[in-house]
Amino acid sequence: MDFVTEQGKQRHQECSTLLLPALSIGNVGQLAVDLLVSSMKAERIGYLDDPFVLPCVGNDAYGPIPCGELALPLEAYQSSSNGLTLLQQRSPVVKGMMVEFAKNLANFAAASGKKHVVLLSSLDFGKWQKIDMSSGLQIYYVSSTDPDGRDDHCEQLGWKRLQEYNPAQRCWKHLSTLAEGNTMLENNLPYEDELEEEDYYPSLPFAALFSCFKAKGLKVTCLLCYCSEGDNMQDAFHLAEAACNLLGLNPGNESGGWLIPLSWQTVYGPPPDMSIF
């Protein structure tokens, strides 16, 4: 994985915390990173070139007006005032190469001097076992702080540990084995048509990233929310605010509000014609 800097930009090594999305249902993690980059007015310092990420290209994502600056699959942004490096991923990983991609990212983060990695992702609402909306949208987490995934700081913030995280379960154990570079158990992973209910969570991108960052000795915190496909902007606000609370930052920009990215104007198209209802 190559990191290409943009001329005149600050070096990314200055910030010890890395925040990035793990692609999943509804693209909530990506939307949350978009919101953070835009609101913090983070500066693009370069991009990552990885052979396992599908190519894509688009116009400037943040505006306030299109300026012709190209958006690429993996871009690095920096908010020096918040001590934060943000990585945005705009296209999926080549099928079957998620662990290799995660290893590349973990190597990059470790070589760049990162100490804490925050992963933002979403989970399928249909897999939610215990639905309790009495307190609104709930944030779940998995942390590398303790072997069971628990973290006192996350608990103090009122979040719930993802109960389905079980490092002794076969797929989680298999991920850890691959992340540590040991391929002895490589043939023990079940085929796709043999996956069981408990295999859903470790099969997601956030699980591979979590395992590989953890194997590098980095502190990793996954922030997760359940959602469905559709307009998930509100979920993105919720996840972005959770990231700020985790890191002790003020949600939104300096004036206390969120700055909506330019690209969001065309994400879901115009609102429906209410006359049809």
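Residues numbered from 1 in each chain as written. Predicted model: local features only at pLDDT ≥ 70, side-chain atom pairs only at ≥ 80, totals over all residues. Heavy atoms only, no water.

Topic: the overall build of the protein
Counting its secondary structure elements, the protein contains six helices and nine strands. With 277 residues in all, the protein has 49% of them scored as buried. Summarising the internal contacts of the protein: among those between residues at least 6 apart in sequence, 75% fall at separations of at least 24. Surface summary for the protein: the accessible area is close to 13700 Å², and the carbon and sulfur share equals 51%. (Helix = DSSP H or I, 4+ residues; strand = E, 2+ residues; numbered from the N terminus. Buried < 20%, exposed > 50% of the residue type's maximum accessible area, 1.4 Å probe, protein only. Contact = heavy atoms within 4.5 Å. Areas by Shrake-Rupley, 256 points an atom, 1.4 Å probe, with all protein chains shown as cover.)

Examining the nonpolar core
Counting residues in each nonpolar core, the largest one holds 45 residues, and the members touching the most others are Phe101, Leu119, Leu162, Phe206, Leu209 and Phe213. The greatest single-element share of this core, amounting to eight residues, is contributed by helix H2 (residues 98–111). Ranked by size, the runner-up nonpolar core spans 36 residues in total, among them Leu19, Leu223, Phe237 and Leu246. (Core = buried A, V, L, I, M, F, W, Y, C linked by side-chain atoms within 4.5 Å.)

Focus: unusual backbone geometry
In this structure, Asn27 takes a positive phi of about 55 degrees despite not being glycine. Structurally, Asn27 can be placed in the loop between strand S2 (17–21) and helix H1 (28–40).

Digging into the packing of H1 against helix H6 (residues 233–247)
At a closest axis distance of 8 Å, the pairing of H1 and H6 adopts a crossing angle of 65 degrees. Taken as a pair, H1 and H6 cross one another with a handedness that is right-handed. Facing H1, whose interface residues are Val28, Gly29, Leu31, Ala32, Leu35 and Leu36, H6 presents Asp235, Ala236, Phe237, Leu239, Ala240, Ala243 and Cys244. Residue composition of the contact of H1 with H6, grouped by class: 11 nonpolar, one polar and one charged. (Axes fitted to C-alpha atoms, helices over the stretch in contact; angles between N-to-C directions. Left-handed = near helix turned anticlockwise from the far one by under 90°. Nonpolar A, V, L, I, M, F, W, Y, C, P; charged D, E, K, R; others polar.)

A short note on the pairing of strand S3 (residues 43–49)
Side chains on a regular strand alternate between the two faces of the sheet. Bridge analysis of strand S1 (residues 2–5) against S3 gives four bridges, and the strand direction is antiparallel. Its bridge partner being in S3, Phe3 is matched across the sheet by Leu48. Bridge count for S3 against strand S4 (residues 74–79) is four bridges, and the pairing is antiparallel. Residue pairing across strands places Tyr47 opposite Glu75, the latter belonging to S4. (Pairing = 2+ DSSP bridges.)

Points about H2
Owing to its 3.6 residues per turn, the α-helix brings residues three or four apart onto one side. Compared with the 20 Å implied by 1.5 Å per residue over 14 residues, the 20 Å span of H2 between its first and last C-alpha is a close match. Looking one or two places after H2, you find Gly113, whose phi comes out positive at around 80 degrees. (Expected span 1.5 Å × (residues − 1).)

Overview of the pattern of salt bridges
For side chains of opposite charge, pairing can occur when their charged atoms come near one another. On inspection of all chains with the given rule, the structure shows seven salt bridges. Between Arg44 and Glu69 there is a salt bridge; the shortest N-O distance is 3.8 Å. You can see Arg44 sitting in strand S3 and its partner Glu69 sitting in the loop between S3 and S4, a full 25 residues away along the chain. Residue classification places Arg44 among the buried positions, given a relative accessible area of 11%. Salt-bridge contacts for Arg150 lead to Asp148; the nearest nitrogen and oxygen are separated by 3.7 Å. What makes Arg150 partly exposed here is its relative accessible area of 31%. Bridged by salt links that share partners, the residues Arg44, Glu69, Glu75 and Arg90 form one connected network. (Salt bridge = Lys/Arg side-chain N within 4 Å of Asp/Glu carboxyl O.)

Considering the environment of Val4
Note that Val4 resides in strand S1. In sequence terms Val4 and Tyr47 are 43 residues apart; their C-alpha atoms lie 5.4 Å from each other. Residue contacts for Val4: discarding those within four places in its chain leaves Ile45, Gly46 and Tyr47.

A closer look at the layout of surface pockets
If you add up the space inside the second largest pocket, you get close to 440 Å³. Around the second largest pocket, the lining is made up of 26 residues, and of these Ala42, Asp60, Tyr62, Gly63 and Pro64 lie nearest the centre. Residues of the lining of the second largest pocket, tallied by class, amount to 14 nonpolar, three polar and nine charged. (1 Å grid on protein atoms, 1.4 Å probe; cavity = no way out; pocket = protein on both sides within 12 Å on 5 of 7 lines; lining within 4 Å. Points joined across faces, edges and corners; volume = space filled by probe spheres on them.)

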